[in-house]
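# Examination of the molecular architecture
The primary structure of each chain is shown beneath.
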Amino acid sequence: MARVYGAIGILALLALWEAGHRAYGAIVLPGLDETARTLWRLLRDGTVGPALAATAAHAGAGWLLGAVIGTLAGTAAGLRAGIRHMLQPVSVVLLGIPSIAWIVLALLWFGGASAVIFTVAIATGPLIFAAAVQGARSLDGDLARMARAFRAPPAAMALDVYGPHMFSHLFPALAAALAMSWKVSVMAELLSGAGGIGDGIAGARARVDTAETMAWVVVVVAVLITVDHLLLRRLRRHMELWRTDTGGRAG
Amino acid sequence: MSMAALGFDGIAFAYGATAVLEDIGFDVPTGRVTALMGPSGCGKSTLMLLAAGLLSPNAGEVERRCRRSAIMFQDPLLLPWRTALANVAFALKAEGLPAAERRDRAAAMLARVGLTAEDATKFPRQLSGGMRQRVALARALVVEPDLLLLDEPFGALDAQLARQMHALVRDQVEQDGATALLITHDAQEAARIAERIVLLTSSPGRVALVRDPPQPVRQRGKGEIASEAQRLLACIG
């Protein structure tokens, strides 16, 4: 039933799009058919593949950098009050700076692909930092005591006790940061000319080609939905097995 | 009597300025069940943590003469993100066994505590309180301990299930020559299964009584158990 309602929502959105096209014309909003034809052309002439790969590389590298730094700094801050008091205001300041400002600064400092990767990392890192702080602060001392009582080796402590706990706190932030990294990456590419989907959109804007712009938007949304369905939902479903009571018995 | 598997000699322990245990001295004889009783807050659980080596005493000495100890807490303390099978197998990680052998031994022990193969695949949140306690008991027994430390583990179970679990502990003691130190509030249970009963005073805990009921455990009838329990309850006051 949920799928039926989901399909109704998507169809309503497409109907609004088509209505907007008919009301305001192709320059403002191209029709569904024209956008589909343009997307097909971009796919066939080999424009989409390399652009997609470049954006994936930029977003992935930036996300990974933000995730590693955010997790390490957040864990240290969660475990040590001094580090927490030092880093939390820094995180708030970084979160308060708009991504667009980071892009401009990064273009001046690095330029090219490095500017895109840096912008993604600096935009996503503080989100992951906050989640890691919460995760490290809520580590269960009793479970660690149990594991020590069974003489669990360090690898087992990391993989069976601390790791899953931290991951359960980090996962929502990592998923949100992954979606954010795509959007920030496209925005940074648009301004930096470092290749990727953002560069494609910049070209379409220069040619006042609204249909091509919409085709690129469709590509970005399709990638986000695919990643969400193939990866994030599966992980979320697995975690829900142990986080919610799906089959408890009394007695 | 054989040498004690565990000995407390002049133990004192305090959390900050609050004295919890003072001058604790008694032996836990090898191959026997020793029941530890006392009012709430008298330091029984702290004494258990000292026995497990998870705390160090402020004074005195804990003498452990065992190869492998296992502890079962009041709370099952299962890893919520691991299935019942993986929780039991986790206890064997220190042994350096191959994963398949860990799984096989864990599955056999879960069957021994009365859980099905289907239960073994469930996460702790999907099990009832009693089933979680049985998983915790399986985790303690799977390492084949020669010293079992049981901190009131069956308080949440109904009487029949608690008796089954106590029988499993007794099997471990009688068949494998293990030693058990068991905290309980139930004088009847202590009188039924323990060769030695140690009673602590209220906080700070001191030894009020060390008693070895005269009849062997298997020969105790309802009358002997009831009168022994009466005697204990009279001492507790």
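Residues numbered from 1 in each chain as written. Chains lettered and ligands numbered in written order. Predicted model: local features only at pLDDT ≥ 70, side-chain atom pairs only at ≥ 80, totals over all residues. Heavy atoms only, no water.

Taken together, the side chains of A:Leu64, A:Leu65, A:Val68, A:Ile69 and A:Leu72 present a nonpolar region at the surface, about 480 Å² in accessible area. Summarising the element assignment, A:Ile69 is placed in helix α3 (residues 48–79). (Patch = residues over 30% accessible without salt bridge, like charges linked within 9 Å, V, L, I, M, F, W, Y side chains within 5 Å. Areas by Shrake-Rupley, 256 points an atom, 1.4 Å probe, with all protein chains shown as cover. Salt bridge = Lys/Arg side-chain N within 4 Å of Asp/Glu carboxyl O. Helix = DSSP H or I, 4+ residues; strand = E, 2+ residues; numbered from the N terminus.)

In this section: the sheet that holds strand β6 (residues 147–151) of chain B. All names here are of chain B. The sheet built from 6 strands is open, its strands ordered β5-β6-β7-β3-β8-β9 with mixed pairing. Looking along the sheet, the strands with just one partner apiece sit at the ends: β5 (69–72) and β9 (207–211). Neighbour-to-neighbour, the strand axes of this sheet turn through a mean angle of 15°, independent of strand direction. Two strands pair when backbone bridges link them, and strand β3 (residues 33–37) and strand β7 (residues 179–183) are joined in this way by 4 bridges, in the parallel orientation. Note that in β7 the partner of Val 33 across the bridge is Ala 180. (Pairing = 2+ DSSP bridges. Axes fitted to C-alpha atoms, helices over the stretch in contact; angles between N-to-C directions.)

What follows concerns the nonpolar core. By size, the foremost hydrophobic cluster in this structure holds 99 residues, and its most contacted members are B:Leu6, B:Phe8, B:Leu47, B:Leu110 and B:Leu137. Sort the elements by how many residues they give to this core and helix α5 (residues 129–142) of chain B lands first, with 8 residues. Residues A:Leu39, A:Val48, A:Ile197 and A:Ala215 belong to the second largest nonpolar core, which totals 14 residues. (Core = buried A, V, L, I, M, F, W, Y, C linked by side-chain atoms within 4.5 Å. Buried < 20%, exposed > 50% of the residue type's maximum accessible area, 1.4 Å probe, protein only.)

What follows deals with the pairing of β7(B). Both faces of the sheet carry side chains from a regular strand, because those side chains alternate between them. All names here are of chain B. With 5 of 5 residues buried, β7 is to be regarded as a mostly interior element. For β6 and β7, the ladder comprises 5 bridges, and the chain directions are parallel. Bridge pairing in β7 links Asp 151 to Ile 183. This β-α-β element, β6 to helix α6 (residues 159–176) to β7, shows right-handed connectivity. (Right-handed = clockwise from strand over helix to strand, strands pointing away.)

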